[in-house]
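# Per-entry structural report
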Amino acid sequence: MKIITGGICAAQGFKASGVHCGIRKNRTKKDLALIYSDTVATAAAVYTTNLVKGAPLLVTKSHIADGKAQAVICNSGNANTCNANGVEVAEKMCDILANELKINAKDVVVASTGVIGQPLSLEPIISGVPSLVSSLSENGGQDAAEGIMTTDTTMKEIAVEFEIGGKICRIGGIAKGSGMIHPNMATMLVFITTDAAISAEMLQKALSADIKNTFNMISVDGDTSTNDMVTVLANGKAGNTEITAEGEDFNSFMEALNTVNIHLCRMIAGDGEGATKLLECSVKNAKDEENAKIIAKSVICSSLLKAAMFGADANWGRVLCAIGYSGADVDINKIDVSFRSSKGTLDVCKNGAGIDFSEEKAKEILLEKEIEILITAGDGNAEATAWGCDLTYDYVKINGDYRT
């Protein structure tokens, strides 16, 4: 398996585009994105567990109930959530696109991101869809990635090439997510395409299993969005024998999917609103996987720990504090903690107690852009990893006037 270019257009048979249609006032920012397969594909998705769900999620869930989809349309700048006519608007977005593409509206996945509770006008979408469709290109992945961004500072895309049954397959993805990220089923918005042949049932099984160790292990600010969704389309263009059961081929697909998802997780966490650092918390020797996940997620969610990392302060007591209130079944007297970056590794805690270390070396390590928090629980063999970011002044600035 190797990383390749192309993002969501790396897989055979997929094109994409992104345009500014007028939802956002800033004409330099794209606000409408399209992903299109030249044949109907198998489809799977996972959605936010927030009781408040954006209307597009409800429509998408209905549309892909048959395990099929051919196109994805997503607007940014307006989340189409908590609107009385939200479902109607989402359905009409699908109809408008379907008419232009000459496909079935039920084969359209629809998504929206941006401000919650603000009515979404169809006028800019009606005027923008023709140029969106005419702009479709095998090189349009980056345009689509830009079209789904809100407070993101960088576009997020990745693609890998792998082999199934002697056939070269590709899988790629784009994501948006910077704030309001504390998933419990998905993350902000992630769209994945593959030319591997896999049944809808196995595609859903693969996605549902993988997010438990990827997107469910990210946190930027502790808020679970109303519009979180991860969608995968698989059109079978690679020509492999369709994956219909577990086995070697399914495992190869799972490995490729996991690789794409981990890359997107790191991109999302590292681009948290106002963030200056990507934080990765790795737990090993935990009692079981569930406890390892609880520990890792609690540490990565700690506002105090996140603030300490912003200040390059090796305040390891905040790590133990987060473990202590996490609810994990763990012996705090066996906990070891280290900090690591490209500047080296520093042990700061052994068996739940502080040890002597160089504050100068700690500062050098923690001033880097990517910081690893290494925790050894000492009472088992299970492992887990979670991703997050530091907490900065800019997070408050961004969200203090996000709507206005």
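Placed above this text is the structure.
Criteria and cut-off values
- Residues numbered from 1 in each chain as written.
- Predicted model: local features only at pLDDT ≥ 70, side-chain atom pairs only at ≥ 80, totals over all residues.
- Heavy atoms only, no water.
- Core = buried A, V, L, I, M, F, W, Y, C linked by side-chain atoms within 4.5 Å.
- Buried < 20%, exposed > 50% of the residue type's maximum accessible area, 1.4 Å probe, protein only.
- Helix = DSSP H or I, 4+ residues; strand = E, 2+ residues; numbered from the N terminus.
- Contact = heavy atoms within 4.5 Å.
- Arc of directions from axis to C-beta.
- Phe/Tyr/Trp six-rings, centres within 6.5 Å; stacked < 30°, edge-to-face > 60°.
- Axes fitted to C-alpha atoms, helices over the stretch in contact; angles between N-to-C directions.
- Left-handed = near helix turned anticlockwise from the far one by under 90°.
- Nonpolar A, V, L, I, M, F, W, Y, C, P; charged D, E, K, R; others polar.
- Pairing = 2+ DSSP bridges.
- Parallel < 35°, antiparallel > 145°, perpendicular 65-115°, else oblique.

Right, let's get into the nonpolar core. Within the largest apolar cluster, 73 residues are counted, with the highest numbers of intra-cluster contacts made by Phe 253 and Ile 375. Residue contributions to this core peak at 9 residues, all from helix α6 (residues 248–270). Excluding anything up to four places from it in sequence, Ile 375 contacts Cys 281, Ser 282, Val 283, Lys 284, Ile 295, Val 299, Val 319, Ile 323, Ile 335 and Asp 336. If you look at the next biggest cluster of nonpolar residues, it comprises 28 residues, including Tyr 36, Leu 101, Val 108 and Leu 122.

Moving on: helix α10 (residues 359–366). Listing the buried residues of α10 in full gives Ala 362, Ile 365 and Leu 366. Buried residues along α10 cover an arc of 90° about the axis, so they all sit on one side. Looking at the buried side of α10, the elements it contacts are α8 (303–310), β11 (336–341), β12 (344–350) and β14 (370–376).

Overall, the coordinates contain 2 aromatic pairs when judged by the stated rule. Plain terms: the ring middles of Phe 310 and Tyr 393 are 5.3 Å apart, the flat faces sit at 90° to each other, and that makes the pair edge-to-face. Here Phe 310, found in helix α8, pairs with Tyr 393, found in helix α11 (residues 393–400); they are 83 residues apart in sequence, far enough to count as distant. By relative accessible area, which is 63% here, Tyr 393 ends up exposed.

As a further point, take the packing of helix α2 (residues 86–101) against helix α3 (residues 123–134). The contact between α2 and α3 brings their axes to 10 Å, and the two run at 35°. Remark: the crossing between α2 and α3 carries right-handed chirality. Side by side, α2 and α3 meet where Met 93, Ile 96, Leu 97, Glu 100 and Leu 101 of the first sit next to Ile 125, Ile 126, Val 129, Pro 130 and Val 133 of the second. Grouping the constituent residues of the contact of α2 with α3 by class yields 9 nonpolar, no polar and 1 charged.

Another aspect to go through is the environment of Ala 238. As for its placement among the helices and strands, Ala 238 is situated in the loop between β9 (229–234) and α6. For Ala 238, a relative accessible area of 11% corresponds to the buried category. C-alpha of Ala 238 to C-alpha of Cys 169: the two residues are 69 residues apart in sequence and 5.5 Å apart in space. In contact with Ala 238, not counting residues within four places along its chain, are Gln 12, Lys 167, Ile 168, Cys 169, Asp 195 and Ala 196.

Taking strand neighbours across the sheet as the criterion, the 6 strands line up as β13-β12-β11-β14-β10-β15 in an open arrangement whose pairing is mixed. Only two strands of the sheet have a single neighbouring strand rather than two, namely β13 (353–354) and β15 (382–389). Against the sheet, α10 touches β11, β12 and β14, its axis set at about 120° to β12.

It is at 8 Å that the axes of helix α7 (residues 289–301) and helix α9 (residues 317–324) come closest, and there the two elements cross at 130°. The orientation of α7 with respect to α9, classified from their angle, is oblique. By crossing handedness, the relation of α7 to α9 is classed as right-handed. Of α9, the residues touching α7 (which contributes Ile 295, Ser 298 and Val 299) are Val 319, Ala 322 and Ile 323.

Okay, the pairing of strand β3 (residues 32–47) next. Counted residue by residue, β3 has 13 buried out of 16 residues, so it is predominantly covered. Of the pairings in the sheet, the one linking strand β2 (residues 14–19) to β3 comprises 6 bridges and is antiparallel in character. Across the sheet, Ala 16 pairs through a bridge with Ile 35, a residue of β3. Note: β3 against strand β4 (residues 68–78), 7 bridges, orientation antiparallel. Residue pairing for β4: Leu 34 is matched across the bridge by Ile 73. With 6 bridges connecting them, β3 and β9 associate as antiparallel partners. Bridge assignment links Ala 43 to a residue of β9, and that residue is Leu 233.

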